[in-house]
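# Architecture and fold: a report
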Amino acid sequence: MNNQQISNIAFIGEVDAGKSALINKLLNTDTNTGKTQAATFYQGSVIDTPGEFVDNRSWNGALLSTISSVKTIVILQPADAKRVSAPSGLLRVYPNKNIVAVISKSDVDDADCERAERLLKGEGINGPYFRTSIYDQPSIEQLHGHLLSLQPVSAEFI
């Protein structure tokens, strides 16, 4: 993967969707991927959020506060999940954000990527849908490239 870093991004999704593991792959880090207890901030304003922020409606305020300052929101939908955990309309509170849909765990035994896409579409989350596995480097590189394409253009390159 190239050395350019992604920034200004928050990762959201249900508990055990694979957010921390995916961030570790994208940032080429090796931090503990135990249970995320609070929003974790990485270099470049990359934010890992606890799954409870979307699973538990009483935490939606914490989620909205956390994502208010980023330009891009990556929502993970596990390929083996039977529902979308993000409350309907939550991602439309801030209309000028990039929303990137990631189908995580595309390699698990009971993965159903087509169902995951239908669930995301049903919530108004449009594609493209990035099917990823932390064990499939090409899928990580494809997502990394897309996230880089959403980065603001730096004034030093103009």
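Residues numbered from 1 in each chain as written. Predicted model: local features only at pLDDT ≥ 70, side-chain atom pairs only at ≥ 80, totals over all residues. Heavy atoms only, no water.

### With respect to the environment of Val 70
Secondary-structure assignment places Val 70 in the loop between helix 3 (60-67) and strand 4 (72-78). As a C-alpha pair, Val 70 and Pro 50 span 20 residues in sequence and 16 Å in three-dimensional space. (Helix = DSSP H or I, 4+ residues; strand = E, 2+ residues; numbered from the N terminus.)

### Some thoughts on the pattern of salt bridges
This model, assessed by the stated rule, comprises four salt bridges. A salt bridge links Arg 115 to Asp 112; its shortest N-O distance comes to 3.9 Å. Relative accessible area serves as the criterion here: at 17%, Arg 115 is assigned to the buried category. Salt bridges sharing common partners tie together Glu 114, Glu 117 and Arg 131. (Salt bridge = Lys/Arg side-chain N within 4 Å of Asp/Glu carboxyl O. Buried < 20%, exposed > 50% of the residue type's maximum accessible area, 1.4 Å probe, protein only.)

### With respect to the packing of aromatic side chains
Following the criterion strictly, the structure yields one aromatic pair and no others. Over the aromatic face of Tyr 94 sits the side chain of Lys 97, whose NZ or CZ is 5.1 Å from the ring centroid. (Phe/Tyr/Trp six-rings, centres within 6.5 Å; stacked < 30°, edge-to-face > 60°. Lys NZ or Arg CZ within 6 Å of the ring centre and 35° of its normal.)

### Points about the sheet that holds strand 6 (residues 129-131)
Sheet architecture is open: six strands sit in the order 2-3-1-4-5-6, paired in mixed fashion. Each end of this open sheet is capped by a strand with a single partner; those strands are strand 2 (40-42) and strand 6. Each adjacent strand pair in this sheet contributes to an overall mean axis angle of 25°, direction not counted. Note: strand 2 against strand 3 (residues 46-48), three bridges, orientation antiparallel. Paired with Phe 41 across the strands is Ile 47, a residue of strand 3. (Pairing = 2+ DSSP bridges. Axes fitted to C-alpha atoms, helices over the stretch in contact; angles between N-to-C directions.)

That is the geometry; function is a separate question.
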